[in-house]
Amino acid sequence: MGHGSIRIFVSARLAAGASFAATAQQAHYLLRVMRRRDGETVALFNGDDGEWSAALATDGRSLRFTVGERLRAQAPDADLWLAFGLLKRDATDLVMRQATELGVTRICPVLARRSQGERVNLARLQAIAIEAAEQSERLTLPTIDPPQTLAALLGTWPPARPLVALVERAHAPLIRPASGASGLLVGPEGGFAPEEIAEIGRHRWVVRASLGPRILRAETAAIAGLAQLQAGI
Ligand code: SAM
């Protein structure tokens with residue numbers, strides 16, 4: 001697809017000739033916001049079947065997609081998870097958006113001792129991830145877990161997946177690119193509590209890492225850490 005093509009995430013299976021209705025939200029976006037017309041094409045993806053061109057059929061109100069040719073085959077994502085201490089809403093939204101752009105496959109919000117957000121609207125986070133995937137030409141969506149405690153996260157973390165824990169003000173080595181499946185753990189705005197740091201350090205698959213001498217906001221740390229890790233996978 002050329003620059004600026006509209007990409008829409010759909011839940012339907014995609015194959016040549018498939019035809020299905022757009023959701024009311026997609027119809028509003030394409031017809032009212034983007035002013036697309038009957039017969040114009042957009043690109044569709046669903047996380048499994050690659051990217052397809054689709055023609056729009058509309059009477060001005062309702063909208064259907066009819067799938068044409070495949071534009072891109074599905075390709076596997078780099079295997080990168082992000083766990084982060086829940087932040088205030090805007091900061092959490094930014095982490096969701098940028099983690100999706102950076103290809104994170106699973107996002108695990110953590111209710112850390114010093115987390116500022118407790119209630120999370122998962123549907124809203126999902127919508128942010130969908131929009132970021134549509135705009136970044138990503139072919140998949142990240143899995144978004146419901147918020148869980150740090151103990152629950154560490155208790156179910158797969159030991160074969162190194163977890164790079166970002167710790168500030170510690171003599172930890174600088175973060176290095178990952179060499180395969182991995183995860184990043186970032187604290188909340190107030191940092192991890194001492195007992196959380198101790199708990200993190202008890203697991204042999206945890207790698208403590210630093211982003212240098214400056215104290216970064218949690219969302220900056222998440223994004224900088226992901227960019228570093230991702231360079232290797
Ligand atoms: N309130 C803490 C303090 O003043 O010591 C700072 C916490 S920092 C704003 C939030 C999170 O970002 C930390 O828990 C850590 O995961 C990460 N972080 C920030 N700067 C970092 C650095 N230089 N190296 C590693 N991690 C960092």
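It should be emphasised that the depicted structure is a prediction, and the values quoted were computed from it without experimental measurement.

**Some points on the overall build of the chain**
For the chain, the helix and strand inventory stands at six helices and twelve strands. Expressed as lengths along the three principal axes of its C-alpha atoms, the size of the chain is roughly 60 × 35 × 30 Å. The buried share of the chain, reckoned over its 233 residues, is 44%. Across the chain, contacts joining residues at least 24 apart in sequence account for 72% of those joining residues at least 6 apart. Side-chain charges of the chain comprise 27 positive and 23 negative groups, with the mean position of each set lying 3 Å from the other.

**Description of the domain arrangement of the chain**
Considered domain by domain, the chain is made up of domain 1 (7-72) and domain 2 (80-230). Relative to domain 2, the C-alpha centre of domain 1 lies at a distance of 33 Å. Listed as interface residues are eight residues of domain 1 and, on the opposing side, eight residues of domain 2. The contact between domain 1 and domain 2 buries some 730 Å² in all, and 64% of this surface belongs to carbon and sulfur atoms.

**Comments concerning the layout of surface pockets**
As a volume, the second largest pocket reaches approximately 320 Å³. Taken together, 21 residues form the lining of the second largest pocket, with Val167, Glu168, Ile215, Leu216 and Ala221 sitting closest to its centre. In terms of residue class, the lining of the second largest pocket is built from twelve nonpolar, five polar and four charged.

**Re the packing of aromatic side chains**
In the structure shown here, the tally under the stated rule is four aromatic pairs. Taking 5.5 Å as the distance between ring centres and 70° as the angle between the ring planes, the aromatic pair formed by Phe9 and Phe45 counts as edge-to-face. Taken together, the residues span a long stretch of sequence, with Phe9 in strand S1 (residues 7-9) and Phe45 in strand S3 (residues 41-45) at a distance of 36 residues. Here the two residues Phe9 and Phe45 agree in accessibility, since each one is buried. Each member of the aromatic cluster is reached from another via a ring pair, and the members are Trp81, Trp157 and Trp205. It is Arg7 that lies over the ring of Phe45; its NZ or CZ is 4.2 Å from the centre. One cation-aromatic arrangement involves Arg106 over Trp81; the distance from NZ or CZ to the ring centre is 5.2 Å.

**As for helix H3 (residues 122-135)**
Helix length check: H3 (14 residues) gives 20 Å between terminal C-alpha atoms against 20 Å at 1.5 Å per residue, within 8%. Taken as a whole, H3 has its buried residues at Leu125, Ile128, Ala129, Ala132, Ala133 and Glu134. In this structure, the buried residues of H3 make contact with S1, S3, helix H2 (89-101) and strand S8 (143-144). The N-cap of H3, judged by a side-chain oxygen 3.1 Å from the amide nitrogen of Ala123 a few residues on, is Asn121. Once H3 finishes, Glu137 follows within two positions and takes phi at roughly 65°, a positive value.

**A look at the nonpolar core**
Core analysis: the largest hydrophobic core is formed by 26 residues, its most contacted members being Leu82, Leu184 and Val186. Elements that contribute at least two residues to this core include exactly strand S6 (80-85), H2, H3, strand S10 (163-166), strand S11 (182-186) and helix H6 (218-230). In terms of residue count, H6 provides more of this core than any other element does, five residues in total. Apart from the residues within four sequence positions on either side, Leu82 is in contact with Val95, Ala99, Val104, Arg106, Ile107, Cys108, Leu184, Val186 and Leu226. Judged by nonpolar contacts, the second largest core, of 17 residues, contains Ala22, Ala27, Phe65 and Val67.

**With respect to unusual backbone geometry**
Backbone geometry at Arg35 places phi at a positive 55°, although glycine is not the residue there. By the element assignment, Arg35 lies in the loop between helix H1 (24-33) and S3. A residue is classified by how much of its surface remains accessible, and Arg35, at 56% relative accessible area, is exposed. For Arg169, which is not glycine, the phi torsion reads 55° and is therefore positive. Mapped onto the secondary structure, Arg169 falls in the loop between S10 and S11.

Calculation notes
- Residues numbered from 1 in each chain as written.
- Predicted model: local features only at pLDDT ≥ 70, side-chain atom pairs only at ≥ 80, totals over all residues.
- Heavy atoms only, no water.
- Helix = DSSP H or I, 4+ residues; strand = E, 2+ residues; numbered from the N terminus.
- Buried < 20%, exposed > 50% of the residue type's maximum accessible area, 1.4 Å probe, protein only.
- Contact = heavy atoms within 4.5 Å.
- Lys, Arg positive; Asp, Glu negative; His and termini not counted.
- Charge placed at Lys NZ, Arg CZ, Asp CG, Glu CD.
- Domains from an automatic or database assignment.
- Buried area = accessible area lost by both parts, 1.4 Å probe.
- 1 Å grid on protein atoms, 1.4 Å probe; cavity = no way out; pocket = protein on both sides within 12 Å on 5 of 7 lines; lining within 4 Å.
- Points joined across faces, edges and corners; volume = space filled by probe spheres on them.
- Nonpolar A, V, L, I, M, F, W, Y, C, P; charged D, E, K, R; others polar.
- Phe/Tyr/Trp six-rings, centres within 6.5 Å; stacked < 30°, edge-to-face > 60°.
- Lys NZ or Arg CZ within 6 Å of the ring centre and 35° of its normal.
- Expected span 1.5 Å × (residues − 1).
- Polar contact = N/O pair within 3.5 Å; in protein donor to acceptor, adjacent residues only side chain to side chain.
- Core = buried A, V, L, I, M, F, W, Y, C linked by side-chain atoms within 4.5 Å.

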